[in-house]
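Residue-level structural notes
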Amino acid sequence: MSKAAHLRSLIREGRAPVLTAGAHDGLGAVLAERAGYRAVWASGLEVSAAHALPDVGLLGISDYLAAARIMNQACGLPVIADCDTGFGNELNAAYTVQQYEAAGVAAICIEDKVFPKVNSFAGHRQMLAPIGEFAHKIRVAKASQKDPDFMVIARTEALIAGAGMDEAMARAHAYADAGADAILIHSKAKTHTEVEEFMVRWGGRLPVVIVPTTYYEWSASDAGHAGASIVIHANQGLRATVSAVMSAFSIMLNDGCSSALEGQIASVKEIFDLQRMDQWLELEA
């Protein structure tokens, strides 16, 4: 079974939402797999942050595709790639589908903002593309795939942009009509109320993907009961890494050595294990 087919089967099972962890490299993907996540989100925020750049469309498809390819090769989980607005117009979106599908990625997600986008939580301009224009982009993207199991997830930023629930619903239905395989409803509210309202009104027409970054108290179980098919913990791994590394560096700088840390951090042996060192060295035996 291909990873794209596997992702579809996980969604069809419907026993619980597909818990998905954000990552930006192969190690992050392996850690997500070992923790028990069922898919990996190749996070645009994380990939751009790994370059020490803001998530405002500065990187191109080559940067994001290379990261997603490495994640896909490193783990056995299906990878869902955050592809911003599809890196341009409908032709760029078609090329994006072709390249990510060829890389073995299970799904891509493109959002209905004007290129170049600005991260949804940046508090800056959030400009929506016209509904018809983005629906056409979805239609062209779907027409460009070869594997029928490959998924194109349409992400509406209507709630992020303050356009309201009616606009979010209209956009989601237009994208479903255009052939989207799932809808990602994005929200920066501090509670899950508006996302839950969307799912009630949506009525299960297509699978719904949610990203509870700001409404983090809503459990995946409760979100699943409300109708979510995929729950993405999109950036918590990166944020945890930043906190842990900064703390470790501070302690070592203050102490002049790593003695106080050694019982708390991964051993070199554990790193070798994550790298599959033994399996690789067996090849030359």
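Up top you'll find the structure we're talking about.
Numbering of residues starts from 1 in each chain and follows the order in which that chain's sequence is written. It should be noted that, the model being predicted, local features are given only for residues of pLDDT at least 70 and side-chain atom pairs only at 80 or more, the latter also being counted only at that level, while totals for whole chains, interfaces and linings use all residues. In computing side-chain properties, one takes all heavy atoms of the structure into account and sets aside hydrogens as well as water.

Some thoughts on the packing of aromatic side chains
A pair of Phe, Tyr and Trp rings is counted when the ring centres sit within 6.5 Å of each other, with Trp represented by its six-membered ring. The angle between the planes then sorts it: under 30 degrees is stacked, over 60 is edge-to-face, the rest tilted. Taken as a whole and assessed by the stated rule, the structure comprises four aromatic pairs. For the ring pair Tyr215 and Trp218, a centre distance of 6.2 Å and an interplane angle of 50° mean the geometry is tilted. Buried, partly exposed and exposed residues are distinguished by accessible area as a fraction of the type maximum, computed with a 1.4 Å probe on protein chains only: under 20%, between the cut-offs, and over 50%, respectively. The exposure class assigned to Trp218 is buried, which follows from its relative accessible area of 10%.

Re the packing of helix H7 (residues 165-177) against helix H8 (residues 193-202)
Orientation is described by axes fitted as lines to C-alpha atoms, over the contacting stretch for helices, and by angles from 0 to 180 degrees between their N-to-C directions. Secondary structure elements are defined from DSSP: runs of H or I of at least 4 residues count as helices, runs of E of at least 2 residues count as strands, and each element is numbered from the N terminus. Viewed as axis vectors pointing N to C, H7 and H8 meet at an angle of 50°, and their least axial separation amounts to 11 Å. Between H7 and H8, the angle falls in the class oblique. As H7 packs across H8, the resulting crossing turns out to be right-handed. Contacts between H7 and H8 involve Met165, Asp166, Ala168, Met169, Ala172, His173 and Ala176 from the former and Glu194, Glu197, Phe198, Arg201 and Trp202 from the latter. With respect to orientation, any angle under 35 degrees is reported as roughly parallel, any angle over 145 as roughly antiparallel, any angle of 65 to 115 as roughly perpendicular, and every other angle as oblique. In this scheme the handedness of a crossing depends on how the near helix is turned from the far one: anticlockwise by less than a right angle means left-handed, clockwise means right-handed. Two residues form a contact once any of their heavy atoms are found within 4.5 Å.

A look at the pairing of strand E3 (residues 79-82)
Across a regular strand the side chains alternate sides, sitting on one face of the sheet and then on the other. Side chains Val79 and Ala81 of E3 all project onto a buried face; the interleaved residues Ile80 and Asp82 project onto the opposite face, where all are buried too. Strand direction decides the pairing type here: strand E2 (residues 39-42) and E3, joined by three bridges, are parallel. Bridging from a neighbouring strand, Trp41 pairs with Ile80 of E3. Every crossover in which the path from the first strand over the helix to the second runs clockwise, viewed with the strands pointing away from the viewer, is termed right-handed. For the segment spanning E3, helix H5 (residues 90-102) and strand E4 (residues 107-111), crossover handedness is right-handed. For two strands to be treated as a pair, DSSP must find at least two bridges joining them.

Side note on H7
Expected span, for any helix, means 1.5 Å times one less than how many residues it has. Between the first and last C-alpha of H7 there are 18 Å, a value that for 13 residues agrees with the 18 Å anticipated at 1.5 Å per step. Three or more residues of H7 are buried, namely Met165, Ala168, Met169, Arg171, Ala172, Ala174, Tyr175 and Ala176. Looking at the buried side of H7, the elements it contacts are helix H6 (131-143), strand E5 (151-156), strand E6 (182-185) and H8. Following H7 by one or two positions, Gly179 has its phi on the positive side, about 110°.

Here we look at the environment of Ser221
Tracing the chain through its elements places Ser221 in helix H9 (residues 220-226). Relative accessible area serves as the criterion here: at 44%, Ser221 is assigned to the partly exposed category. Along the backbone, Ser221 and Arg15 are 206 residues apart, and their C-alpha atoms lie at a distance of 9.9 Å.

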